[in-house]
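Residue-level listing of the chains:
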Amino acid sequence: MKRVFVLVGIIVVGAVAMVAAPQAPAGRGGGRGAGAAPLQLQLERVRPGIYQIPIFNQSVAPGATTTVFVTENHGVVIVDTKNPGSGQAIIDMVKKITDKPITTIINTHTHNDHVGGNLEFEEKVEVVAQENTLDYMKKLAQYKDDKPESRHGLPKKTFKDKMTLFEGPDSIDLYFFGPAHTGGDAFVVFRNQKVMAAGDVDPATGTPIIDPDNGGSGLLWGQTIAKAAAGIKNVDIITRGHSSQTDNWAQFIEYGQYMQAYADATRKAKKDGKTLDEAIAAIPTMMGPKFKDYFLGLSGRNPGTRANVTMMWAELDKEPPKK
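Residue numbers here run from 1 along each chain, matching the order of that chain's written sequence. The model is predicted, so local features are restricted to residues of pLDDT at least 70 and side-chain atom pairs to those at 80 or more, both for listing and for counting; the totals for chains, interfaces and linings are taken over all residues. Excluded from the side-chain calculations are hydrogens and water; all other atoms, namely the structure's heavy atoms, are used.

(A) Region of interest: the pairing of strand S4 (residues 50-53). We call a residue buried when its accessible area falls under 20% of the maximum for its residue type, exposed when it is over 50%, and partly exposed in between, using a 1.4 Å probe and counting protein chains only. Elements are defined by DSSP. Helices are runs of H or I of four residues or more, strands are runs of E of two residues or more, and each kind is numbered from the N terminus. By the alternation rule, side chains of S4 split into Ile50 and Gln52 and Tyr51 and Ile53, which are all buried. The pairing of S4 with strand S5 (residues 66-70) spans four bridges and is classified as antiparallel. What sits directly across from Ile50, in S5, is Phe69. Two strands are counted as paired when DSSP detects at least two bridges linking them.

In structure tokens, the structure reads:
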């Protein structure tokens, strides 16, 4: 897959930005950052004004991709804040490219590798998410108590199906099309830049993580991407949830086709009377050569076919019988 972004350095354009950020203090990041090695963040320019911070160094647990939008008139917008204890490292990285203040955080969904750094940003930073994500985030350990320092990391602004932030060249369109990775996955479209942050609905090439406890659905994932593909226009670069490789629109559509074929193959295997273990073994072959690369796995984070098929099997068990 071809990289479409340009690497941006701290001093010279064209160099990779590697910054040893200070360790996060225990407490504000849930205590999980205490004692960790300094975080090494890499900043990459996707388009003018749009950057991604895709990876940590390997001495700490990987966080999700963070997308950074330096607006003309509304400060800096951050999409997803990685693991607890990583917020300050993101703040320090942003300071290397602009002196504009961080004003807004958008969380694509509830998981701690996407929302964990929220608490380290200033309280005046507005946090935005899909309404279901707010409900899911309230179950996370760092937000369960009633202390103000915990509450400020929760979304203050939510939307149901669509919402637009700002105007003109700064416009950001937020969309929700239904369950996929979770039940609150937001698509974040930087309208004038033709860039979209897709979170873990488009995590990377490989079998995904399905989270039914937070509303996720393997059976509906492909349909959700199909709705997004029909409802979102003029996007040609996508930052992904767990990859330094950006996607193009055709690849995003193909990921949806893969997830739909995955669900269809699971449904057929169950209808044909296969056992769960037989289905797990057969489904990659049933789906044919087009999607073979998706079953190669993502080292260190991919639950693989067994977990995915098991979860979709459980979804099928809950479906009402057809009349």
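(B) Quick peek at the packing of aromatic side chains. Put simply, two rings from Phe, Tyr or Trp (the six-membered ring, in Trp's case) pair if the centres are within 6.5 Å, and we call them stacked under 30 degrees between planes, edge-to-face over 60, tilted for the rest. Applying the stated criterion across every chain, the model contains 13 aromatic pairs. On the basis of an interplanar angle of 55 degrees and a centroid distance of 6.0 Å, the ring pair of Phe177 and Phe187 is categorised as tilted. Of this pair, Phe177 sits in the loop between strand S11 (172-175) and strand S12 (187-190) while Phe187 sits in strand S12, and the two are ten residues apart along the sequence. For Phe187, a relative accessible area of 1% gives the class buried. Aromatic pair Trp249 and Phe252: ring centres 5.0 Å apart, planes at 40 degrees, arrangement tilted.

(C) Fine view of the side chain of Asp211. Within the secondary structure layout, Asp211 lies in the loop between strand S13 (195-197) and helix H5 (218-231). Although Asp211 is buried, it makes no salt bridge; Lys139 carries the closest opposite charge, 7.3 Å away. N or O atoms closer than or at 3.5 Å make up a polar contact, with two conditions inside protein: a donor-capable atom paired with an acceptor-capable one, and, for residues adjacent in sequence, both atoms drawn from side chains. In this structure the side chain of Asp211 is engaged in a polar contact, spanning 3.2 Å, whose partner is the backbone nitrogen of Asp213. Residue contacts are counted whenever heavy atoms from the two residues lie within 4.5 Å of one another. Once residues lying within four places of it in the same chain are set aside, the contact partners of Asp211 are His111, His181, Thr182 and Gly216. When charges are counted, neither His nor the chain ends are considered; positive counts come from Lys and Arg and negative counts from Asp and Glu. A pairing counts as a salt bridge when a side-chain nitrogen of Lys or Arg comes within 4 Å of a carboxyl oxygen of Asp or Glu.

(D) Broad picture of the sheet that holds S12. Read from one edge to the other, the open sheet built from five strands follows the order S10-S11-S12-S13-S14, with strand pairing classed as mixed. A single partner strand is all that each edge strand has here, and the edge strands are strand S10 (162-165) and strand S14 (237-239). If you compare each strand with its neighbour and ignore which way they point, the axes differ by 20 degrees on average. Across three bridges, S12 lies against S13 in antiparallel orientation. Its bridge partner lying in S13, Phe190 is registered against Val195. Axis definition: a line fitted to C-alpha atoms, limited for helices to the stretch in contact. Angles are taken between N-to-C directions and run from 0 to 180 degrees.

(E) Examining the nonpolar core more closely. Nonpolar cores are built from buried Ala, Val, Leu, Ile, Met, Phe, Trp, Tyr and Cys residues. Side-chain atoms within 4.5 Å join them into one set. The biggest cluster of nonpolar side chains holds 37 residues, and the ones touching the most others in it are Phe187, Met196, Ile232, Tyr258 and Tyr262. Put simply, the parts of the chain that give this core at least two residues each are S12, H5, helix H6 (249-271), helix H7 (276-286) and helix H8 (304-318). When sequence neighbours within four positions are dropped, the list of residues in contact with Phe187 reads Asp173, Leu174, Tyr175, Phe177, Met196, Ala197, Ala198, Val201, Thr224, Ala228, Ile232 and Phe252. Counting 19 residues, the second-largest nonpolar core is a separate cluster that includes Val79, Ile106, Leu165 and Ala186.

(F) Main features of H8. Compared with an ideal rise of 1.5 Å per residue, which puts 15 residues at 21 Å, H8 spans 22 Å between its outermost C-alpha atoms and is within 8% of the ideal. Taken together, the buried positions of H8 are Gly304, Thr305, Asn308, Val309, Met312, Trp313, Glu315 and Leu316. Viewed along the axis of H8, the buried residues span an arc of 170 degrees, placing them on a single side of the element. Relative to its buried face, H8 has exposed residues pointing more than 90 degrees away, namely Asp317 and Lys318. Each element contacted by the buried residues of H8 is listed here: H5, H6 and H7. Here, expected helix span is obtained from the residue count minus one, scaled by 1.5 Å. Note: the arc covers the axis-to-C-beta directions of the helix.

(G) Inspection of the pattern of salt bridges at higher detail. The final tally for this structure, using the stated rule, is eleven salt bridges. With a shortest N-O distance of 3.6 Å, Lys157 and Glu126 are connected by a salt bridge. Linking Lys157 in strand S9 (residues 157-159) with Glu126 in strand S8 (residues 126-130), this pair joins segments that are 31 residues apart in sequence. Across the pair Lys270 and Asp317 runs a salt bridge whose closest N-O atoms are separated by 2.9 Å. Pair noted here: Lys270 is in helix H6 and Asp317 is in helix H8, with a separation of 47 residues, a long-range link. What you see here is one network of salt bridges that share partners, running through Asp202, Arg240 and Asp247.

(H) Region of the structure containing the environment of Thr158. Note that Thr158 resides in strand S9. Taking C-alpha positions, Thr158 is 8.6 Å from Thr133, a pair spaced 25 residues apart along the chain. Setting aside residues up to four positions removed in sequence, Thr158 forms contacts with Ala129, Gln130, Glu131, Leu134 and Met163.

(I) How the structure looks around the packing of H6 against H8. The interhelical angle for the contact between H6 and H8, taken along N-to-C directions, is 65 degrees, at an axis separation of 10 Å. The two elements H6 and H8 cross, and the hand of that crossing is right-handed. Together, Tyr262, Ala263, Thr266, Arg267, Ala269 and Lys270 of H6 and Gly304, Thr305, Asn308, Val309, Met312, Trp313, Leu316 and Asp317 of H8 make up the contact between the two elements. Here the residues of the contact of H6 with H8 sort into seven nonpolar, four polar and three charged. Two helices crossing with the near one rotated counterclockwise from the far one by less than a right angle form a left-handed crossing, whereas a clockwise rotation gives a right-handed crossing. Three classes are used, and their members are as follows: Ala, Val, Leu, Ile, Met, Phe, Trp, Tyr, Cys and Pro are nonpolar, Asp, Glu, Lys and Arg are charged, and the others, Gly among them, are polar.

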